[in-house]
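Observations on the three-dimensional arrangement
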Amino acid sequence: MGKKYDFQKIEKKWQSVWRREGTYEPSFGKAQKPFYNLMMFPYPSAEGLHVGNMYAFTGSDVYGRFKRMQGYDVFEPMGLDGFGIHSENYALKIGAHPMKQAKISEKRFYKQLEVIGNGFSWNERLETYDPDYYKWTQWIFVQMFKNGLAYRKKQPVNWCPSCKTVLADEQVLQKSQIPNPKSQTNSKSQIQNHKHEIRIGVCERCDTPVVKKELEQWFFRITKYAGRLLKNLGTQQGGGIDWSERVKIAQRNWIGKSEGAEIDFEIAGGVAPSYVLLHGYTGTPKNDFRPWLKKELERRGAKVHIPSLPHTKNPRVAEQVEFVLKNVPFNKNTVILGHSLGAIVALKVLEKLKQPVRSTVLVAGFTENNFLDHDRFDEQTFDWKFDAKRIRANAGDLRILRDTTDAIVPPNQAWKLQNLFGGVITEFAAQEPHVCGKEEPEVLRSCIDSIRVFTTRPDTLFGATYMVLAPEHPLVASLLAADSRRLDADSRGILKNKDEVKKYIEKAKKKSEEERTAEGKDFSTGTGQAKTGVELKGIRAINPATKEEIPVWVADYVLAGYGTGAIMAVPAHDERDWEFAKKYKLPVKMTVCPHYPAQTCPILDTAYEGEGHLVDSGKFNGMASETAKWEITKFVGGARKTQYRLRDWLISRQRYWGPPIPLVFCEHCAAQINADGTRINADNIGENLRSNRRKSAFTKGELENPGWIAVPEDKLPVRLPFVKDFQPKGKGESPLGTVKSFYETKCPKCGGKARRETDVSDTFLDSAWYYIGYLATSDKRQGKVNPFENSLAKKWLPVDTYIGGAEHSVLHLLYSRFLALALQDIGVLHFSAKGGSAPGGEEPFTKFRAHGLLIKEGSKMSKSKGNVVNPDEYIRKFGADTLRMYLMFLAPFEQGGDFRDSSILGISRFLERAWKLFANQRHGAGDMEQVRKKGELDRLLHKTVKKVTEDIENLRYNTAISALMILLNKIEETNPPMSHVACRIFPKLLAPFAPHLAEELYQTQIDADRKAADKRGYVSIHLEQWPIYDPKLIEEKTFTLIIQVNGKVRDTMPAPAGTSEQEAKEMAFDSGKIKGFIHGGKIVKTVYIPGRLINIVTESC
RNA sequence: GGGCAUGUGGCGGAAUUGGCUUACGCGUAGCACUCAAAAUGCUAUGGCCUCACGGCCGUGUGGGUUCGAGUCCCACCAUGCCCACCA
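Residues numbered from 1 in each chain as written. Chains lettered and ligands numbered in written order. Predicted model: local features only at pLDDT ≥ 70, side-chain atom pairs only at ≥ 80, totals over all residues. Heavy atoms only, no water.

1. A closer look at the overall build of chain A
Defined as follows: Every helix listed is a DSSP run of H or I at least four residues long, and every strand listed is a run of E at least two residues long, numbered separately from the N terminus. Residue exposure (1.4 Å probe, protein chains only): buried if accessible area is under 20% of the type maximum, exposed if over 50%, otherwise partly exposed. We call two residues contacting when some pair of their heavy atoms lies within 4.5 Å. Here the open area of atoms and residues is found with the Shrake-Rupley method and a 1.4 Å probe, where only the protein chains shown may cover a residue.
Across its full length, chain A carries 38 helices and 39 strands. Split into buried and exposed, the 1101 residues of chain A put 55% on the buried side. For chain A, the share of sequence-separated contacts (at least 6 apart) that also reach a separation of at least 24 residues comes to 77%. With the model as given, the accessible surface of chain A reaches about 47600 Å², and the carbon-plus-sulfur share is 51%.

Dropping the structure here:
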């Protein structure tokens, strides 16, 4: 009898040795082969770690230990994602303050994490609520803001009435509910007699139904990166980053690329009776797009005036305005268009007009005396102050065209115009920079009232029989606001049922997601939902293909946030449009395309009382759909367009427990930007204005969000104050809004009175950069290093292997990628080239694997079911090694596992047996039989090394463990004299799974050796070399030849390796069993698979 | 409604990627040790037929390809996860 396997003693002992020796602390600066092995850090919200966390951490740790033994300098950090709603709600629940509770949770979590025995670099841990950490979270916000990637916008957002905060789209879960007829009083008959479920959006944390609330919020412009985020994922065929395919698919779907076209539908009466085109500096009525535009407008029946402005080479705006007012008639139906300097003239004209015009178009306009290509205009001849109020009142519908290729007008001028005068900006690339092409279709479009739609099926355009606008579409508001100024002769383009429309829109806006879904579901179709809508009476659009006038509707089945917020409805080819058309008796016209031959159109097959009929698409009749798409787009002057489903990242949270958003609002600076363009850059006079890089007094973010000023970087962090009453207030404002000493501050720009932003940022911002933070924890604590400029970041990033839950597919993982790309673009983050030129060298996580879900006896673990397994109990009873190994043995790590109490005994027995065998070594003198067996055992040993190595690399821990069991069984069975080498290999193979036991066994062996020769001191097994197998030893000398007759196994016999087909045949026919099965039947052929089997095929088969 | 998985003994799961289905473990039964139990060890363990030798049938269902299919193709069924009025 040897020593007893006292796991408690062993585990405690080695954990303290490892900690003391710094076994898992890589040498950051000197590391030769840095390997960043990252595991998603936990949010310490609940009662402590549950076994699911432990499952995931262990899986990552096994891999890290394996890589460490393979000679890599492995960095395996751990920290806590302690900010955020999870922790805050937990504190609320138990009546504690999150700031204090955090410290308590922290202790408990770290203790638990240590007891598991993972090889974490304990010196480098971080907590997101540490001011030294969130200082940099805020710093990121400032970088995003400065570079125009953060903006403020008022829009309906997801609001959780229970958490009293907004939620990102990604945080709203769709949940099915069986409708309860009693509570659905407003949707009566539709719901009865149906088993259908309805979907409602609920808060991912508390399950409360989410409502829409209109709030002004901060957003990060993730949409700008949609294309790159998608591209780096690669395609279904392959390429892209090495990630679990299911996560890549989830991200692809979430980004949701679709390719189609944008097509304009003119509104009937959308061409104004008269136009005034004002040219710019050195321009004439005859140059640029003006002659073409005049022709186009006149062709449509309009009268076009292009005054030849005086002193065009030495302009004096006042004189030009006088000239225009004298020579051109204006009325309520005039459209005034100003190009470049002509835009200034137009604005000044508007100041002087007695009554409003129909609409104003500013093409490549500006408000400031600054240009990219030439010097300023003479200050004396210009008045750069604008009467914004008068201009707003007189401009009618204001349209601002921003040319993205413009080399003259600075890029921010369009926003400035919008800030001053309102209006809608359209960005486009002009035919010639600064909109100087002979034909500029975008300009023509802006002169005519039209509706732009996005469609993926332009090939069905001939079948578009009506249009639908989202309730939030700007045209709807504009029509509702329009007075009678458009009441011209035929009174077209005037909304006749304003009240009805207004009512519908108000109702739609008020509707919560729940209500919309509940009352929108149409069970009669089985698939879709009953759509509601209202016609814009008096408004007709012209189908650009058929030239037919079609009605225009408003309906909330069209989403404002996607595409252009307007659609062309093709009821014959789109199920949603079909339902709507059926309900409101709208015409259905089918186009002929190979997808839906006339007779089998799936939608028209169903009974419809109205007349569905074929439309003649002229030369496009029957054209292949893919060809027709682009041909028809060209035919109607549309443009190909790629659309993404992805929305910008809503980052504000009206909660307490998070990093305050590091911005202040300053009325004074807002006024500067809004009211008077010239003063903003007053300090720039005399500068070389040709440079577009010149210093501006305001950053991009500040110009785009007037009044919002970033807290200077040296003033970070903006500390979260201790607020006793941190309960969310539910008024759309964070509890910080009640703390005067917090929000009252001075503007960093002008020194005046200012108010701090009182919202905090989304938790996902904290976790989006923590992998960078880990590399600066030591230095950061000394307050020295910017984690982003830290040389270690360059050396160790990107992360080599990242393991985590698939539930973060579209949250954390997408945000982290976005931020990594953005920060690299901004120039504050640099990755090493250690990943080589692998796809996505700019990506933060080179390899990502999603682990599976750990369930308990077939069902999901949850507090409500009361089946959550507490790991502490099992560790006490069986030891951490046993629990670790058991969890890894359950099933493939990427698939998940089913935790069953009973089966843990198998692992427990296995480790006991390993202990018995190796802790109490037996060196028996061998007889001949044992020597022979030893040869076999050596082969098995090397085969096991191969198998375990390959399996761990592929995260197939269950089969690696099974291989170890087979090896142990065999050793016990043969009880051979084992070499010192073999006695070391087994513990090494065991080390990633059962680190404590392996260390103990190994050190026992070393001690034995040491007595003989080896004088080395303590070297942890976890820093030793991973075993290498000898391929020659693995080769088998014999194999089992399988003999089949007609594909059925009839006999097996041992055969030497390298048996030829002829030899195998002879062996097969010699077998008495085989003869019986052939029955003398004629042999058609034999199939021989070398080293495996021979199959005899007879005639009767 | 769409997308992605998965479906193998009483259970968790293996299967060299088209070649002996059920490795490894749990459970169960029997035996050994024990006064007895636990622990441990040994043996057996897919179903059906047979005293037996042995045979037949078996990887959700139905078809197909192949000398040979758990694996590939088609259709269907079931379960799970993700998404969902995205034009």
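2. Regarding the environment of E757
Short version of the rule: Under this definition, polar contacts are N or O atom pairs within 3.5 Å; protein pairs additionally need one hydrogen-donor-capable and one acceptor-capable atom, and for neighbouring residues in sequence, both atoms have to be side-chain atoms.
With respect to the element layout, E757 can be found in the loop between β29 (753–756) and β30 (760–761). Residues contacting E757, with those up to four places away along its chain left out, are R152, W218, I661, L663, V664, W708 and F742. Side chain to side chain, E757 and W218 meet in a polar contact 2.7 Å long.

3. With respect to the protein's contact with RNA strand B
Note the cut-off: Near residues are defined by distance, with any heavy atom within 4 Å of the molecule or strand qualifying the residue.
Near RNA strand B there are 53 residues, and of these T456, Y562, R576, R1092 and N1095 occur at the shortest range. Counting only the atoms of RNA strand B within 4 Å of the protein, the fraction contributed by sugar and phosphate is 57%. One of the side-chain N or O atoms of K531 is found 2.7 Å from a base oxygen in RNA strand B. R647 is positioned with one of its side-chain polar atoms (N or O) 2.9 Å from a base nitrogen of RNA strand B.

4. Thoughts on the packing of aromatic side chains
Cut-off, in case you're wondering: Note on aromatic pairs: the rings of Phe, Tyr and Trp (six-membered ring only in Trp) are paired at centre separations within 6.5 Å, and the planes decide the class, stacked below 30 degrees, edge-to-face beyond 60, tilted for the rest. Whether a charge sits over a ring depends on NZ of Lys or CZ of Arg being within 6 Å of the ring centre and within 35 degrees of the ring normal.
As enumerated under the stated definition, the model contains 63 aromatic pairs in all. Where F41 meets Y770, the ring centres are 3.8 Å apart and the plane angle is 10°; that geometry is what we call stacked. Note that F41 is positioned in the loop between β1 (34–39) and α2 (51–69) and Y770 in helix α25 (residues 770–773), a separation of 729 residues in sequence. Judged by relative accessible area, which is 7%, F41 ranks as buried. Among the residues examined, Y770 registers a relative accessible area of 0% and is labelled buried. Consider the rings of Y874 and F878, whose centres lie 6.4 Å apart with planes at 20°: the pair is stacked. Taken together, the residues span about one helical turn, with Y874 and F878 both in helix α29 (residues 871–878) at a distance of four residues. Like F878, Y874 is buried. Here the aromatic residues F141, F145, W218, F220, Y225, W649, F665, W708, F764, Y815 and F818 are joined through ring pairs into a cluster of three or more. Sitting over the face of the ring of W18, R65 holds its NZ or CZ atom 5.4 Å from the ring centroid.

5. Considering the sheet that holds strand β34 (residues 859–860)
Operational definition: A pair of strands is labelled paired if DSSP reports no fewer than 2 bridges between them.
Reading across from one edge, β34-β33-β35 is the order of the three strands in this open sheet, with mixed pairing throughout. The two strands at the open ends of the sheet, each matched to only one other strand, are β34 and β35 (896–899). Across four bridges, strand β33 (residues 853–856) lies against β35 in parallel orientation. From the neighbouring strand, K856 faces β35, where its bridge partner is F899.

6. Some remarks on the side chain of H942
Looking at the secondary structure, you find H942 in helix α32 (residues 928–953). From its side chain, H942 meets the backbone nitrogen of D1030 in a polar contact 2.8 Å long.

7. Topic: the packing of α29 against helix α30 (residues 880–889)
Convention followed: To define axes, lines are fitted to C-alpha atoms, for helices over the stretch in contact only, and angles between the resulting N-to-C directions are given on a 0 to 180 degree scale. Note on angle classes: values under 35 degrees are labelled roughly parallel, values over 145 roughly antiparallel, values of 65 to 115 roughly perpendicular, and the remainder oblique.
Relative orientation of the contacting elements α29 and α30 amounts to 120°, with a least axis distance of 7 Å. In terms of orientation, α29 and α30 fall into the oblique class. For the pair α29 and α30, the contacting residues are P871, Y874, I875 and F878 in the first and A880, T882 and L883 in the second.

8. Regarding the confidence of the model for chain A
Cut-off, in case you're wondering: On a scale of 0 to 100, pLDDT captures the predictor's confidence in every residue.
Chain-level pLDDT for chain A is 83 on average; 85% of the residues reach the 70-or-more range. Mean pLDDT per element in chain A: helix α6 (residues 188–191) is the minimum at 30, and strand β2 (residues 73–75) is the maximum at 96. Taken together, the stretch residues 675–696 has pLDDT below 50 and engages in 38 contacts with residues farther than four places along the chain or on a different chain. Taken as a whole, residues 923–927 scores under 50 in pLDDT and shows five contacts with residues more than four places along the chain or in a different chain.

9. Topic: the pattern of salt bridges
Our working rule: Criterion for a salt bridge: a side-chain nitrogen of Lys or Arg within 4 Å of a carboxyl oxygen of Asp or Glu.
Applying the stated criterion across every chain yields a total of 48 salt bridges. The salt bridge involving D264 is made with R445; its shortest N-O contact spans 3.3 Å. A residue pair is termed long-range when its members are at least 10 positions apart, and D264 in strand β9 (residues 257–267) and R445 in helix α14 (residues 441–447) qualify at 181 residues. With its nearest N and O atoms 2.8 Å apart, the salt bridge here joins D449 to R358. Of the two residues, D449 sits in the loop between α14 and β16 (450–455) while R358 sits in the loop between α11 (341–352) and β13 (359–363), which places them 91 residues apart along the sequence.

10. Description of unusual backbone geometry
For the peptide bond that leads from L716 to P717, omega is 5°, which places it in the cis range. Omega for the peptide link from L797 to P798 comes to 0°, which places this bond in the cis form. Of note in the backbone geometry, T282 takes a positive phi value of approximately 60° without being a glycine. Relative to the helices and strands, T282 is located in the loop between β10 (274–278) and α9 (290–299). You can call T282 partly exposed: its relative accessible area is 41%. Even without being a glycine, H434 presents a positive backbone phi close to 65°. Along the chain, H434 turns up in the loop between β15 (424–428) and α14.

11. A closer look at the sheet that holds β15
If you walk across this open sheet you meet the six strands as β11-β10-β12-β13-β14-β15, and the pairing is parallel. Across the chains shown, the open sheet's two edge strands, defined by having one partner strand only, are β11 (303–305) and β15. Between one strand axis and the next, the sheet turns by 20° as a mean value, whatever way the strands run. Contacts from helix α13 (residues 413–421) reach β13, β14 (397–403) and β15, with the element oriented near 165° to β14.

12. Comments concerning the layout of surface pockets
To keep it simple, the criterion reads: Think of a 1 Å grid over just the protein atoms. A cavity is a set of points where a 1.4 Å probe fits yet cannot get out, a pocket is an open set with protein on both sides within 12 Å along at least five of seven lines, and lining residues have an atom within 4 Å of a point. Grid points are joined across faces, edges and corners, and a volume is the space filled by probe spheres set on the points. We call Asp, Glu, Lys and Arg charged. Ala, Val, Leu, Ile, Met, Phe, Trp, Tyr, Cys and Pro are nonpolar, and the rest, Gly among them, are polar.
Within this model, the second largest pocket holds a volume of roughly 260 Å³. Elements represented by at least two residues in the lining of the second largest pocket include exactly α1 (7–21), α4 (98–115) and α29. Considering each element in turn, the lining of the second largest pocket owes the most residues, six residues, to α1. Of the residues in the lining of the second largest pocket, the class split is four nonpolar, four polar and five charged.

13. A closer look at the pairing of strand β37 (residues 1048–1056)
Summarising the sheet, strand β36 (residues 1038–1045) and β37 pair through eight bridges and their orientation is antiparallel. Opposite F1039, over in β37, you have A1055 as the bridge partner. Taking the residues that link successive antiparallel strands as the turn, the β36-β37 hairpin has two residues, and the phi of N1046 there is positive, at about 50°.

14. Some details on α11
Filter applied, for reference: By this rule the span expected of a helix is its residue count minus one, scaled by 1.5 Å.
Across its 12 residues, α11 extends 17 Å between first and last C-alpha, which sits within 8% of the 16 Å expected from 1.5 Å per residue. The buried fraction of α11 is high, at 11 of 12 residues. By the burial criterion, the buried members of α11 are L341, G342, A343, I344, V345, A346, L347, K348, V349, L350 and E351. Those residues of α11 that are buried are in contact with β10, α10 (317–327), β12 (334–339), β13, α12 (388–394) and α13.

15. Examining the packing of helix α8 (residues 245–255) against helix α28 (residues 812–826)
Look at α8 against α28: their axes get within 11 Å of each other, and the N-to-C directions meet at 75°. It follows from the interaxial angle that α8 and α28 lie roughly perpendicular. Of the residues in α28, those touching α8 at V247, Q251, W254 and I255 are L813, L814 and R817. Grouping the amino acids of the contact of α8 with α28 by side-chain chemistry returns five nonpolar, one polar and one charged.

16. Looking at the nonpolar core
What counts here: The nonpolar core is taken to be a set of buried Ala, Val, Leu, Ile, Met, Phe, Trp, Tyr and Cys residues, with the residues joined through side-chain atoms within 4.5 Å.
F220, Y771, F818, M885, F899, L990 and F993 are the most contacted members of the largest nonpolar core, which has 180 residues in total. By size, the runner-up hydrophobic cluster in this structure holds 52 residues, among which are I263, A464, L469 and M590.

17. What to know about the side chain of T465
Note on placement: T465 falls in the loop between β16 and β17 (466–469). In this structure, T465 is in contact with I550, P551, A569, P571, P587, V588 and K589, ignoring residues within four places of it in sequence.

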